[in-house]
Amino acid sequence: MEEIIEDRLYRFKVRKKNVNSSEANIYFLKKEQILIDAGYESYDDYIRLNKELSNIGFHIEQIQAIIITHHHSDHIGMLQYFPRYIPIIAHPDLNYYISSRNNGDIKNSIPDLGLSTEEEMQIKKHLISFDLSKLGVIKSIQDFRGFRMKNISIFELSGHSSTDIGIILEDLKIAFTGDFLLEKIFFDSIVDIDPRTGQLNRKLKIKFKKNLLMMRKQGFNFLAPGHGDLITTKKNLIDMKLKRLSKYCNRATHLLNTPLELNQIAKKILPGFEKYSLFLQFSEVYLLLELLIQQNKIEKVGGVFKIREQSS
Ligand SMILES: [Zn+2]
């Protein structure tokens, strides 16, 4: 376990097996006896985590709570292996996202995206590796709003997924925000479902912008992201994200002087991204277009997106 701040904050890195994916962070707050996030699904990693905790004089049974930043599989994977009496603190909708109902709702919503058969296959392939429903039986989640602990504050943080929360360690002024703020990329999930309606959540990008502005005002100096190293340039990072968002919006609006389908826009805005992940490319661009539709700048007619006709 890597020590980040002397005897206070530790990081445990996990990587998905056989996949060239980025390492996900699990944080351990030693004084508070709290874990933040639970990595990819891997029993071997769970055993490794146990060992590394005992190397720093700590046992897994002593953990007071596991706080989960959001529902994606690289942050909740090991939850099923922890002793059942350890409380899991998270957004209450996490219960929905690890249930089989979520899986069914996702499958029903994919045709709404208006993708080609090949593109749908890509999305489905991604979903198989993201099957969270087997975790549904583990235990119920405790609502983060009811959690009280000295030195820790938790708040809702929407934009990357439907269950994002932010955690601030008050005395060290460190924020843990999962994947809401990553150094190199940001992405939303195209198949994130609104648990109340069972339909695609179309508000992620809209909330992302609002929450970026909210985060800029938060009192923290360091950011401990879900992937990658501790970041000390909060303001620059947030400004960079806001700038990039408006750059993409402008580019999309400009492109849509000619009506285009989603995959055509995706290739133009994020060229080459499909080599990394077609799923993430679609996700980014689809939610960007939803934001522009919400702002009445563009519209979707049939299968194509275009500049909105101004009514006289
Ligand atoms: Zn992640």
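Every chain is numbered on its own, with residues counted from 1 as its sequence reads. Residue-level local features of this predicted model are given only where pLDDT is at least 70; pairs of side-chain atoms are given and counted only at 80 or more, and the full residue set underlies all totals for whole chains, interfaces and linings.

A. Here's a closer look at the nonpolar core. Nonpolar cores are built from buried Ala, Val, Leu, Ile, Met, Phe, Trp, Tyr and Cys residues. These are joined into a set through C-beta atoms within 7 Å. Neighbour density around each residue's C-beta defines its exposure: 20 or more other C-beta atoms within 10 Å make it buried, 12 or fewer make it exposed, and counts between make it partly exposed, where C-beta atoms are placed from the backbone. Counting residues in each nonpolar core, the largest one holds 48 residues, and the members touching the most others are Tyr27, Phe28, Ile66, Ile67, Ile68 and Ala90. What Ile67 contacts, discounting residues up to four positions off in sequence, is Ile34, Ile36, Ile89, Ala90 and Ile167. Ile193, Phe279, Leu289 and Ile298 belong to the second-largest nonpolar core, a separate cluster that totals 27 residues. Any two residues are considered in contact once their C-beta atoms, placed from the backbone, lie within 7 Å.

B. Geometry of the sheet that holds strand E9 (residues 165-169). What makes two strands pair is DSSP finding at least two bridges between them. Numbering of helices and strands runs from the N terminus, with a helix taken as a DSSP run of H or I at least four residues long and a strand as a DSSP run of E at least two residues long. Read from one edge to the other, the open sheet built from 4 strands follows the order E8-E9-E10-E13, with strand pairing classed as mixed. On the outer flanks of this sheet lie strand E8 (152-156) and strand E13 (222-224), each paired with one strand and no other. Going from strand to strand, the sheet's axes swing by 25° on average, the running direction of each strand aside. Pairing analysis gives 5 bridges linking E8 to E9, with the strands arranged antiparallel. Lines are fitted to the C-alpha atoms to define the axes, a helix being fitted only along its stretch in contact, and any angle between axes, read from their N-to-C directions, falls within 0 to 180 degrees.

C. Broad picture of the sheet that holds strand E2 (residues 9-14). The mixed open sheet is built from 7 strands, whose spatial order is E1-E2-E3-E4-E5-E6-E7. Of all the strands in the sheet, the pair left with one neighbour each is strand E1 (2-5) and strand E7 (142-143). As paired elements, E2 and strand E3 (residues 24-29) share 6 bridges and run antiparallel to each other. Residue Lys13 lies in a different strand from E3, and its bridge partner there is Asn25.

D. Structural view of the packing of helix H7 (residues 234-255) against helix H8 (residues 262-269). Where H7 contacts H8, the axes come no closer than 11 Å and their chain directions differ by 130°. Taken together, H7 and H8 sit at an angle that is classed as oblique. Seen along the crossing, H7 lies across H8 with a hand that is right-handed. Between H7 and H8, the contacting residues are Tyr248, Arg251, Ala252 and Leu255 on the first element and Ile265, Lys268 and Ile269 on the second. Classification convention: Asp, Glu, Lys, Arg as charged; Ala, Val, Leu, Ile, Met, Phe, Trp, Tyr, Cys, Pro as nonpolar; all other residues, Gly among them, as polar. Classifying every residue of the contact of H7 with H8 by side-chain character gives 5 nonpolar, no polar and 2 charged. Relative orientations are named as follows: roughly parallel for angles under 35 degrees, roughly antiparallel for angles over 145 degrees, roughly perpendicular for angles from 65 to 115 degrees, and oblique for any other angle. Note on convention: near helix rotated counterclockwise from far helix by under a right angle means a left-handed crossing. Clockwise means right-handed.

E. Expanded view of the packing of H7 against helix H9 (residues 274-294). Contact geometry for H7 and H9: axes closest at 10 Å, N-to-C directions at 80°. Considered as vectors, H7 and H9 are oriented roughly perpendicular to each other. Along the contact surface, H7 presents Tyr248, Cys249, Ala252 and Thr253, while H9 presents Leu288, Leu289, Leu291 and Leu292. Of the residues belonging to the contact of H7 with H9, the class tally is 7 nonpolar, 1 polar and no charged.

F. Representation of the pairing of E1 in the model. Note that E1 and E2 share 3 bridges and pair antiparallel. Bridged to Ile5 within E2 is Leu9. What sits between E1 and E2 in their antiparallel hairpin is a turn of 3 residues, with Asp7 showing a positive phi close to 55°.

G. How the structure looks around unusual backbone geometry. One non-glycine residue with positive phi stands out, namely Asp7, at about 55°. Following the sequence through the fold, Asp7 ends up in the loop between E1 and E2. Asp7 gets classed as exposed once you count the C-beta atoms within 10 Å, which come to 10. Positive phi, normally seen in glycine, also occurs at Asp37, with a value near 75°. Here Asp37 is to be found in the loop between strand E4 (34-36) and helix H1 (43-55).

Scope: geometric values only; no functional claims are made or implied.
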